[in-house]
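# Examination of the molecular architecture
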Amino acid sequence: SQQGEEDPQALSIQEGENATMNCSYKTSINNLQWYRQNSGRGLVHLILIRSNEREKHSGRLRVTLDTSKKSSSLLITASRAADTASYFCATDAGTNAGKSTFGDGTTLTVKP
Amino acid sequence: DTGVSQDPRHKITKRGQNVTFRCDPISEHNRLYWYRQTLGQGPEFLTYFQNEAQLEKSRLLSDRFSAERPKGSFSTLEIQRTEQGDSAMYLCASSLSKGATEAFFGQGTRLTVV
């Protein structure tokens, strides 16, 4: 079974609004990463947060991590139609950057 | 460098046929990973290589699946006697080994078994 679970499964918002996606996981982690996937395409790495970090920013993205609750959130501010995609969280328990356990994703639709 | 390249992008095959996919990683990356992704699900780890050595295989990788990375550069994933349940997107990723903080994914190969 997958390590992470994203919530909600689907999210539809208007352009300019903020989008928040949540991820919960089951076992201890070393890093948590967020990826974006446009329909039928590969994954694009968005941001990595280490287990000893609580918050990280990158442009319009803000990621939080609460290891006590085994959860993370991804906030996209001032959303754009181009943000329409599926978003996945992925966790790894060791030092292997590419061997991650993915959740099933949140599908975000941003309406123009 | 153009990133991780996968070929073909799409493959339709009849049940029972063998298929082979190729992945060319970013040139200086010595780790290479294969994932499988079915519709509506997240990617699932299949196997990874460090240079030419296959270091880990998931139990998802049945004996019909074999992956190679003979010279530590490109990799191939072969599926023998394909089944309809093999229909999925097969993703390849690569990373550095020391100090790597992310893996870079290719565009994937979408396999449809009819």
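Calculation notes
Residues numbered from 1 in each chain as written. Chains lettered and ligands numbered in written order. Predicted model: local features only at pLDDT ≥ 70, side-chain atom pairs only at ≥ 80, totals over all residues. Heavy atoms only, no water. Pairing = 2+ DSSP bridges. Helix = DSSP H or I, 4+ residues; strand = E, 2+ residues; numbered from the N terminus. Axes fitted to C-alpha atoms, helices over the stretch in contact; angles between N-to-C directions. Buried < 20%, exposed > 50% of the residue type's maximum accessible area, 1.4 Å probe, protein only. Polar contact = N/O pair within 3.5 Å; in protein donor to acceptor, adjacent residues only side chain to side chain. Contact = heavy atoms within 4.5 Å.

### Quick word on the sheet that holds strand 8 (residues 71–76) of chain A
The strands that make up a sheet are held in pairs by hydrogen bonds between backbone atoms, and each pair lies either parallel or antiparallel. Residues and elements named next belong to chain A. Taken together, five strands build an open sheet; the order of strands is 1-3-8-7-6 and the sheet is antiparallel. The open sheet has two edge strands, strand 1 (5–7) and strand 6 (55–58), and neither has a second partner. Across this sheet, the average inter-strand angle for adjacent strands is 15°, counted without regard to direction. Pairing between strand 6 and strand 7 (residues 61–66): four bridges, direction antiparallel.

### Digging into the side chain of T82 of chain B
Residue and element names in this part refer to chain B. If you trace the backbone, T82 turns up in the loop between strand 8 (75–79) and strand 9 (88–95). Relative accessible area serves as the criterion here: at 1%, T82 is assigned to the buried category. Within the structure, the side chain of T82 is placed 2.9 Å from the backbone oxygen of Q17, a separation counted as a polar contact. Discounting chain neighbours no more than four positions away, the residues touching T82 are T13, K14, R15, G16, Q17, V19, R64 and V113.

It is worth stressing that arrangement in space is one thing and function is another; only the former is reported here.
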